[in-house]
Amino acid sequence: MLDSSAFNISDLTVSSLRSSTPILLAILGETLTQRVGIINLGVEGQMLVGALAGFAATLSFGNPWIGLLVGALAGVLMSSLHAGLCVGLKANQIASGIAVLILGMGLTSFYGIPYVGQKIHGFHHLLSAHWQTVPILGTFVSQLTPTVIIGLIATPLVGIWLYRTRTGLIWRSVGESVQVARATGINPAFVQVQGVLIGGFFSGFAGAAMSVDYTRDWVENMTGGRGLVAVGLVIVARWNPFLALPAALLFGGSEAFYLRLQTAGVAVSPYLLATIPYVVTLLVLLVSYYLANKEGGAPQGLTAIFR
Amino acid sequence: MKFKSILAAIGLFAAITTAYAETKIGYIYVGPKTDYGYNYAQDQGRLYMEKHVKDVKTSYFENIPENADVERVMERLAQSGYKVIFATSYGYLDPALKVAKKYPNVTFMHSGGFKLAKNLGTYFADIDDVMYLAGISAGASTKSGKLGFIAAHPIPQVLRNINAFTRGAQSVNPKVTTTVVWTGTWSDPAKEAEAANALIDSGVDVLSMHVDSPIAIVQTAEKRGVHVVGYHADASKFAPKGWLVGAAWNWGPMMTKIVESIEKGTWKSENIRGSLATGDVKLTKFGPSVTDKTKALIAKKEQAFVSGKDPLWAGPIVKQDGTVVAAEGTTMPSASVEQMNFFVKGVIGTVQ
């Protein structure tokens with residue numbers, strides 16, 4: 001017995017967008033970081049710190065916008081550790097990223113305890129009650145939340161900035177070769193620090209989007225591995241901000257889809273269904289590697305890390 | 001030098017007198033005590049017990065994972081003079097058994113397990129009776145006839161709650177169905193919120209759940225304007241309009257009895273199982289939309305459960321596929337209730 005109402009296109013689109021937004025924001029940030037030739041595996045830790053700081057700020061100031069901002073800044077703070085270690089001290093980027101990840105998990109578990117079970121007030125509906133009743137468009141938009149829209153606007157902006165502006169070109173050139181960039185009079189360390197910090201900003205914002213906007217709840221380790229998935233999806237998106245949205249939708253969409261399959265009464269093991277997002281992502285990665293050339297848009301500077 | 005030794009003597013004296021005066025009791029929680037869920041309920045029990053038993057001093061430890069970490073915490077407590085340790089999470093059972101063997105003078109109480117040792121007992125309570133009662137309010141308030149249940153893992157405790165909830169709803173509206181969405185994790189608020197949204201989009205107008213912390217689901221229900229039946233504790237402040245009622249633990253009196261029996265020396269190792277009749281599980285307060293008629297219906301059924309005249313798992317109990325588990329006039333044996341592995345008719349979902 002299959003209930004087709006579970007696959008209403010408008011509902012499915014909205015829920016996919018909601019599930020994808022934190023991942024989309026994290027992918028955008030990590031793409032920028034990797035574009036300047038630095039890999040940051042600490043995205044998950046930065047998201048957690050952003051989620052907790054955002055929740056705490058919303059609780060104290062009573063304003064979710066301040067919460068989102070504080071969350072993003074907390075992400076910057078965490079990523080500055082990675083920037084200091086990797087760019088300043090030339091430490092191993094993999095080790096430093098994992099340190100940021102574990103530090104973020106530990107700090108938020110400890111300092112998050114008093115915030116569990118607190119009630120915050122999130123965003124109001126985007127549309128007034130009158131507009132919500134408008135068929136299709138009204139019902140569609142009323143289900144969206146501010147961070148979903150911010151994510152959708154940020155994606156093309158980051159893409160245009162990276163590919164169509166002078167600073168974007170400078171960032172990309174640093175990511176390709178630090179030596180060449182230095183020879184042309186660019187300070188690569190300065191650019192790389194910026195790249196890591198903007199990644200922290202996005203991942204902190206992504207975490208705050210989850211706690212402040214989406215769930216209005218703080219729970220230990222609430223990001224549930226989405227930060228780690230985002231780092232992987234940067235590869236699927238070929239280090240291209242424009243492709244960040246389809247990559248995020250691939251994962252978030254399949255997560256929303258597998259929950260919806262259950263509401264339709266599909267008699268398949270929930271544990272098997274829960275693997276859908278990962279299986280789909282892996283398949284796309286395989287296919288895209290097969291179709292594209294092996295280099296696949298990776299900044300040349302990144303390859304040095306694994307040498 | 002002299003000053004130091006006097007100080008040491010005072011310290012020793014103080015330590016001895018407090019050791020005699022107070023029984024130190026340690027509580028170990030797998031999550032934070034403020035989660036409005038499982039751990040919150042255990043901690044409410046701790047506070048109640050501390051107030052009602054004389055000369056006890058409790059300490060609590062939050063966010064302790066179910067691995068070697070909890071063993072270390074228990075060892076430290078046992079070594080620093082704690083006489084009773086409440087290991088409140090299911091996965092603490094084997095570590096507790098191990099540590100209990102090493103410290104025969106410390107009494108261990110584990111929540112939900114079924115293994116015993118000389119100095120280790122277990123405690124739990126049948127909350128499915130209360131889920132049935134809460135289900136009545138869901139069945140009475142649904143307009144679409146579709147209920148939704150968000151749950152973590154298909155284990156017997158969870159299946160009992162889903163089946164009890166559904167049967168309670170069916171007792172007032174036989175056509176009601178419950179759609180189950182598994183999240184596969186005890187705690188992932190974003191997934192729980194999305195599951196709630198998915199159920200509401202499919203026409204569900206009353207939600208219930210069995211996850212560690214119900215806050216995200218309760219808030220999503222409120223935001224979308226549907227009703228919600230809570231679990232573990234009273235979370236009505238997160239849904240002032242949509243809250244119907246909840247099934248909650250009431251560990252205080254049971255913990256008080258346990259600690260008193262340990263102090264008197266009458267404690268023995270056993271599996272304590274509380275019920276609605278002993279007051280260890282109860283309904284939370286009702287939300288504004290529950291009618292007096294429904295409340296009366298629930299009160300009547302509660303009486304029937306408490307008196308034992310009409311047990312929850314009395315037939316007819318029919319599986320999803322139509323097989324009869326317990327015919328009319330018979331009752332499911334408690335052993336098969338404890339190992340429940342099926343959904344009753346009217347539940348949409350799968351248990352594997």
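Just so you know, these numbers come straight off a predicted model, no measurement behind them. (Residues numbered from 1 in each chain as written. Chains lettered and ligands numbered in written order. Predicted model: local features only at pLDDT ≥ 70, side-chain atom pairs only at ≥ 80, totals over all residues. Heavy atoms only, no water.)

**Observations regarding the overall build of chain A**
Move 1: Summing up its helical and strand segments, chain A has 15 helices and zero strands in all.
Move 2: Taken over the C-alpha trace, chain A has a radius of gyration of 20 Å; the compact-globule value for 307 residues is 19 Å, and the two agree within 12%.
Move 3: A principal-axis box enclosing the C-alpha atoms of chain A has dimensions of 65 × 50 × 35 Å.
Move 4: Buried positions account for 53% of the 307 residues belonging to chain A.
Move 5: Contacts in chain A between residues at least 24 apart in sequence constitute 78% of all its contacts with a sequence separation of at least 6.
Move 6: Only carbon and sulfur atoms are counted for the fraction: they give 72% of the accessible area of chain A, which is about 13000 Å².
Move 7: Seen as two clouds, the 14 positive and the 10 negative side-chain charges of chain A have centres 12 Å apart. (Helix = DSSP H or I, 4+ residues; strand = E, 2+ residues; numbered from the N terminus. Rg over C-alpha atoms; globule rule 2.2 N^0.38 Å. Buried < 20%, exposed > 50% of the residue type's maximum accessible area, 1.4 Å probe, protein only. Contact = heavy atoms within 4.5 Å. Areas by Shrake-Rupley, 256 points an atom, 1.4 Å probe, with all protein chains shown as cover. Lys, Arg positive; Asp, Glu negative; His and termini not counted. Charge placed at Lys NZ, Arg CZ, Asp CG, Glu CD.)

**Here we look at the pairing of strand β9 (residues 227–232) of chain B**
All names here are of chain B.
Move 1: Burial analysis of β9 places five of its six residues in the buried class, the great majority of the element.
Move 2: In this region the chain leaves strand β8 (residues 206–210), passes through helix α8 (residues 215–224) and returns to the parallel neighbour β9; the handedness of that crossover is right-handed.
Move 3: Here β9 pairs with strand β10 (residues 243–249) via five bridges, running parallel. Within the sheet, the bridge partner assigned to tyrosine 231 lies in β10 and is alanine 247. (Right-handed = clockwise from strand over helix to strand, strands pointing away. Pairing = 2+ DSSP bridges.)

**Topic: the interface of chain A and chain B**
Many analyses report the size of an interface as the accessible area lost when the parts associate.
Move 1: With 40 residues of chain A at the interface, the matching set in chain B holds 39 residues.
Move 2: For the pair chain A and chain B, the two sides together bury roughly 3300 Å², of which 54% comes from carbon and sulfur.
Move 3: Sorting the residues of chain A by area buried against chain B places Lys119, Leu259 and Thr263 of chain A first, and these three jointly supply 16% of that buried surface.
Move 4: Linking chain A with chain B are 12 residue pairs in polar contact (both at pLDDT 80 or more), by the criterion used here.
Move 5: For the side of chain A that touches chain B, the elements supplying multiple residues, two or more each, are α1 (9–35), α10 (188–214), α12 (244–263) and α13 (270–273) of chain A.
Move 6: For the side of chain A that touches chain B, the class distribution of residues is 15 nonpolar, 14 polar and 11 charged. (Buried area = accessible area lost by both parts, 1.4 Å probe. Polar contact = N/O pair within 3.5 Å; in protein donor to acceptor, adjacent residues only side chain to side chain. Nonpolar A, V, L, I, M, F, W, Y, C, P; charged D, E, K, R; others polar.)

**What to know about the sheet that holds β10 of chain B**
Pairing between the strands of a sheet is mediated by backbone hydrogen bonds and can be parallel or antiparallel.
Residues and elements named next belong to chain B.
Move 1: Within the open sheet, the seven strands sit side by side as β12-β10-β9-β8-β6-β7-β15. Their pairing is mixed. Edge positions in the sheet fall to β12 (281–283) and β15 (347–348), since each of these pairs with one other strand and no more.
Move 2: Set on the sheet, α8 makes contact with β6 (146–151), β8, β9 and β10; between it and β8 the angle comes to about 175°. (Axes fitted to C-alpha atoms, helices over the stretch in contact; angles between N-to-C directions.)

**Examining the packing of helix α2 (residues 38–52) of chain B against helix α9 (residues 252–264) of chain B**
Describing two packed helices takes the angle between their axes plus the distance from one axis to the other.
Residue and element names in this part refer to chain B.
Move 1: For the pair α2 and α9, the least separation of the axes is 8 Å and the interaxial angle reads 50°. Viewed along their axes, α2 and α9 adopt a mutual orientation that is oblique. Regarding α2 and α9, the two cross each other, and that crossing is right-handed. On the side of α2, the interface is formed by Gln42, Gly45, Arg46, Tyr48, Met49 and His52, while α9 contributes Gly252, Pro253, Met255, Thr256, Val259 and Glu260. (Parallel < 35°, antiparallel > 145°, perpendicular 65-115°, else oblique. Left-handed = near helix turned anticlockwise from the far one by under 90°.)

**Structural notes on the pattern of salt bridges**
Residues and elements named next belong to chain B.
Move 1: As enumerated under the stated definition, the model contains 16 salt bridges over all chains in all.
Move 2: For lysine 98, the salt bridge goes to glutamate 71, with nearest N and O atoms at 3.3 Å. In this pair, lysine 98 is assigned in helix α4 (residues 93–102) and glutamate 71 in helix α3 (residues 68–79), connecting sequence segments 27 residues apart.
Move 3: Classification of glutamate 71 as partly exposed rests on a relative accessible area of 21%. (Salt bridge = Lys/Arg side-chain N within 4 Å of Asp/Glu carboxyl O.)

**Description of the domain arrangement of chain B**
All names here are of chain B.
Move 1: In terms of domain boundaries, chain B breaks down into domain 1 (2–125) and domain 2 (128–248 + 282–348).
Move 2: Of note, the centres of domain 1 and domain 2, computed from C-alpha atoms alone, are 33 Å apart.
Move 3: The interface is formed by eight residues belonging to domain 1 together with 13 residues belonging to domain 2.
Move 4: Roughly 790 Å² of surface becomes buried between domain 1 and domain 2 when both sides are summed, with 61% attributable to carbon and sulfur atoms.
Move 5: When the buried surface of domain 1 facing domain 2 is broken down by residue, Asp35, Tyr36 and Tyr38 rank first, second and third, together holding 57% of it.
Move 6: Of all the elements, α2 adds the most residues to the side of domain 1 that touches domain 2, at three residues.
Move 7: Its residues assigned to classes, the side of domain 1 that touches domain 2 comprises six nonpolar, one polar and one charged. (Domains from an automatic or database assignment.)

**A few points about the packing of aromatic side chains**
Move 1: By the definition in use, this model includes 20 aromatic pairs over all chains.
Move 2: Consider the rings of phenylalanine 201 of chain A and phenylalanine 202 of chain A, whose centres lie 6.4 Å apart with planes at 85°: the pair is edge-to-face.
Move 3: Taken together, a centroid distance of 4.5 Å and an interplanar angle of 10° make the contact between tyrosine 27 of chain B and phenylalanine 86 of chain B stacked. With tyrosine 27 of chain B in strand β1 (residues 23–28) and phenylalanine 86 of chain B in strand β3 (residues 84–87), the pair connects residues that are 59 residues apart, well separated along the chain. The burial state of tyrosine 27 of chain B is the same as that of phenylalanine 86 of chain B; both residues are buried.
Move 4: Connected via pairs of aromatic rings, a cluster forms that spans Tyr27, Tyr29, Tyr60, Phe86, Tyr123, Phe124, Tyr231, Trp249 and Trp251 of chain B.
Move 5: Above the face of the phenylalanine 114 of chain B ring, arginine 273 of chain B is positioned so that its terminal group lies 4.6 Å from the ring centre. (Phe/Tyr/Trp six-rings, centres within 6.5 Å; stacked < 30°, edge-to-face > 60°. Lys NZ or Arg CZ within 6 Å of the ring centre and 35° of its normal.)

**Re the nonpolar core**
Move 1: Phe86, Ile162, Leu207, Trp249 and Trp251 of chain B are the most contacted members of the largest nonpolar core, which has 93 residues in total.
Move 2: The biggest single contributor to this core is helix α5 (residues 128–141) of chain B, with seven residues.
Move 3: Two domains each donate at least three residues to this core, and these are domain 1 (2–125) and domain 2 (128–248 + 282–348) of chain B.
Move 4: Counting 60 residues, the second largest nonpolar core, distinct from the first, contains Ala26, Ile27, Ala72 and Ile120 of chain A. (Core = buried A, V, L, I, M, F, W, Y, C linked by side-chain atoms within 4.5 Å.)

**A closer look at the packing of α1 of chain A against helix α7 (residues 146–164) of chain A**
Residue and element names in this part refer to chain A.
Move 1: The contact between α1 and α7 brings their axes to 9 Å, and the two run at 25°. Judged by the angle between their axes, α1 and α7 are roughly parallel. Crossing of α1 over α7 shows left-handed handedness. Of the residues in α7, those in contact with Leu17, Arg18, Thr21, Leu24, Leu25, Leu28, Leu32 and Arg35 of α1 are Thr147, Val148, Gly151, Leu152, Ala154, Thr155, Val158, Trp161, Leu162 and Tyr163.
Move 2: Considering only residue class, the contact of α1 with α7 consists of 12 nonpolar, four polar and two charged.

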